[in-house]
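Residues per chain, in single letters:
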Amino acid sequence: MAEAVYTMGVDIGSTASKSIILKDGKEIVSTSVVDVGAGTSGPSRTIGETLKNSGLNREDISYVMATGYGRNSLKEADAQMSELSCHAKGAYFLFPNVKTIIDIGGQDAKALKIGDNGMLENFVMNDKCAAGTGRFLDVIARVLEVDISQLQDLDAKSTKDVSISSTCTVFAESEVISQLASGSKIEDIVKGIHNSIASRVGSLAKRVGLNDDIIFTGGVALNEGMVRALEENTGHKIHTSPYCQLNGALGAALFAYQKQQLIAKKEKANA
Ligand code: ADP
C-alpha cells in the first residue's frame, strides 16, 4: 500500500492564524486556530499546534501552502495561494453544491460566486470599513463586557427589537453605550448589532447574486446569531460547518495536495 501523504494549509488572517493537516487530500487529520494573526507569534504557534495535535513532525508534511493576508511572510511555506481561491476550494470540498460563499473575518467581509465545478466566478469585498466585519463584533462585545462566544446565546434570548442605526463602528459604539444607559437589555442590543451587520453583508452578497447553496465561512460564522440574522436578511438557508473558520486553511491544504501530486508525477516520469 502507498504511504500516506500529508499536506498542510496555513491561513494567516488579520485577526487569527489557522492551520489544517490533510491526509491524502481528503481526510482532515488535525486543526488549530490561534487568536492572533499576521505579524504576531500566531503563524508559528498554529503550525506547532496542528503538528502536535496530529502527532506528526514537519518532515512528515510533504507540502505546506500559505494563504491569507499574511501569507507572503510565512517562511515555513513551500508556496502561497490567494485566499479567494482557497476559500472557493475549501467550501467546495465541504459543500459540493456551494454557489455562494459569504465570508466574514476579522477585518473584511466578502461574497464569492462559485460555478458548478467549484471555480471562483466573481467576488465582492469590503475591506475598507470595520462595520460589517468581526472587528465590529469584537468592539461591541468589549463594550458590553461579554465574550465574543456569548453573543449567540444573547441573540437567542432577545425579545425586543433594538435598531442600531450607525453605520460606523465608532458611532455604533457610542450608540450602544447610550442604549445601555437608557435601559435597553444587552440581548436586544446584541440582536440589533447582528441585524445591522447582516444588512451590510447581505447587500454585499446580493451584488454577486444569492444562489443556493449559500455557505457562511470565517470566524464570524461560528456565531449562530449571525447565521440567524443573515437567514432573515437574505430569506435563504445559510449553511455553516464546524470548519467555517478553517475554510481558507482547508483550501490551502487541498491545493498543497494537488501540488504534491504534480511533483510526485514528475519525479516518477524522470525516474
Ligand atoms: P481573519 O481571517 O481575518 O483573521 P477570521 O475568519 O479568523 O478572521 O475571524 C476572526 C473573527 O471571528 C474575530 O474577529 C471574531 O469576531 C470572530 N470569532 C472568533 N471566534 C469566535 C467565536 N467563538 N464565536 C463568535 N465569533 C468568533
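Residues numbered from 1 in each chain as written. Predicted model: local features only at pLDDT ≥ 70, side-chain atom pairs only at ≥ 80, totals over all residues. Heavy atoms only, no water.

(A) Just the overall build of the protein chain, in detail. Scanning the protein chain for helices and strands turns up eight helices and 10 strands. Its C-alpha atoms give the protein chain principal-axis dimensions of roughly 75 × 40 × 30 Å. Considering only contacts in the protein chain between residues 6 or more positions apart, those separated by 24 or more positions represent 63%. Taken as a whole, the protein chain presents about 12,800 Å² of accessible surface, with 48% of it coming from carbon and sulfur. (Helix = DSSP H or I, 4+ residues; strand = E, 2+ residues; numbered from the N terminus. Contact = heavy atoms within 4.5 Å. Areas by Shrake-Rupley, 256 points an atom, 1.4 Å probe, with all protein chains shown as cover.)

(B) Seen up close, the packing of helix 3 (residues 134–144) against helix 5 (residues 169–181). Helix 5 packs onto helix 3 with a crossing angle of 30° between their chain directions and a minimal axis gap of 10 Å. One element, helix 3, and the other, helix 5, form an angle in the roughly parallel class. In this structure, the crossing between helix 3 and helix 5 has a hand that is right-handed. On the side of helix 3, the interface is formed by Phe 136, Val 139, Ile 140, Arg 142, Val 143 and Leu 144, while helix 5 contributes Thr 169, Ala 172, Glu 173, Val 176, Ile 177 and Leu 180. (Axes fitted to C-alpha atoms, helices over the stretch in contact; angles between N-to-C directions. Parallel < 35°, antiparallel > 145°, perpendicular 65-115°, else oblique. Left-handed = near helix turned anticlockwise from the far one by under 90°.)

(C) Here's a closer look at the sheet that holds strand 5 (residues 79–80). Strand order in the open sheet formed by five strands is 3-2-1-4-5, and the pairing between neighbours is mixed. Edge strands, defined here as strands with exactly one partner in the open sheet, are strand 3 (27–34) and strand 5. Where strand 2 (residues 17–23) meets strand 3, seven bridges bridge the pair, whose relative direction is antiparallel. Across the sheet, residue Ile 20 finds its bridge partner in strand 3, namely Thr 31. (Pairing = 2+ DSSP bridges.)

(D) Representation of the pairing of strand 6 (residues 100–104) in the model. In terms of residue burial, strand 6 counts as a mostly covered element, since five of its five residues are buried. In terms of strand pairing, strand 6 meets strand 7 (residues 109–114) through five bridges, oriented antiparallel. By the bridge assignment for strand 7, Ile 104 is matched with Ala 109. Bridge count between strand 6 and strand 9 (residues 214–217): four bridges; the pairing is parallel. Following the sheet pairing, Thr 100 is matched in strand 9 by Ile 214. (Buried < 20%, exposed > 50% of the residue type's maximum accessible area, 1.4 Å probe, protein only.)

(E) Just the site of the ligand, in detail. The full set close to the ligand counts 18 residues, and Thr 15, Lys 18, Asp 138, Gly 219 and Gln 245 are the nearest of them. Here Ala 16 contributes a backbone N or O atom positioned 2.9 Å from an oxygen atom of the ligand. One of the side-chain N or O atoms of Asp 138 is found 2.7 Å from an oxygen atom in the ligand. (Near = heavy atom within 4 Å. Polar contact = N/O pair within 3.5 Å; in protein donor to acceptor, adjacent residues only side chain to side chain.)

(F) Region of the structure containing the sheet that holds strand 10 (residues 238–239). In spatial order, the strands read 8-7-6-9-10; together these five strands make up an open sheet with mixed pairing. Each edge of the sheet is formed by a strand with only one pairing partner; in this case those strands are strand 8 (120–126) and strand 10. Inspection of the sheet shows strand 7 paired to strand 8 by six bridges, in the antiparallel sense. Looking across to strand 8, one finds that Leu 112 is bridged to Phe 123. Strands in contact with helix 6 (residues 186–208) are strand 6, strand 7 and strand 8; relative to strand 7, the strand with the most contacts, it is inclined by about 30°.

(G) Just unusual backbone geometry, in detail. For the peptide bond that leads from Asp 212 to Asp 213, omega is 0°, which places it in the cis range. Here Asp 213 shows up in the loop between helix 6 and strand 9. Phi angles above zero are rare outside glycine, and Asp 24 is one such case at about 50°. When its relative accessible area of 24% is taken as the criterion, Asp 24 is described as partly exposed.

(H) Molecular detail of the side chain of Gln 260. Within the secondary structure, Gln 260 is located in helix 8 (residues 247–270). Given the relative accessible area of 14%, Gln 260 is considered buried. Within the local environment of Gln 260, its side chain forms a polar contact with the side chain of Gln 261, the two groups lying 2.8 Å apart. The contacts of Gln 260, once residues within four sequence positions are left out, are Val 5, Thr 7, Ser 62 and Tyr 63.

(I) Structural detail: the environment of Glu 175. Of note, Glu 175 is situated in helix 5. Taking the C-alpha atoms as reference points, Glu 175 and Ser 165, separated by 10 residues in sequence, lie 8.2 Å from one another. If we ignore the near neighbours within four places in the chain, the residues touching Glu 175 are Ser 163, Ile 164, Ser 165 and Ser 166.

(J) Examining the pattern of salt bridges more closely. A full pass over the atoms with the stated rule returns 10 salt bridges. A salt bridge links Asp 103 to Lys 110, with the shortest nitrogen-to-oxygen separation between them at 3.3 Å. Across the pair Arg 228 and Glu 232 runs a salt bridge, and its minimum N-O distance is 3.0 Å. A residue pair is termed a helical-turn pair when its members lie 3 or 4 positions apart in one helix, as Arg 228 and Glu 232 do in helix 7 (residues 224–234) at four residues. In this structure Arg 228 comes out as buried when scored by relative accessible area, which is 17%. Of the residues examined, Glu 232 reaches a relative accessible area of 54% and is grouped as exposed. Here the salt bridges share partners, and the residues they tie into one network are Glu 83, Asp 103, Asp 108 and Lys 110. (Salt bridge = Lys/Arg side-chain N within 4 Å of Asp/Glu carboxyl O.)

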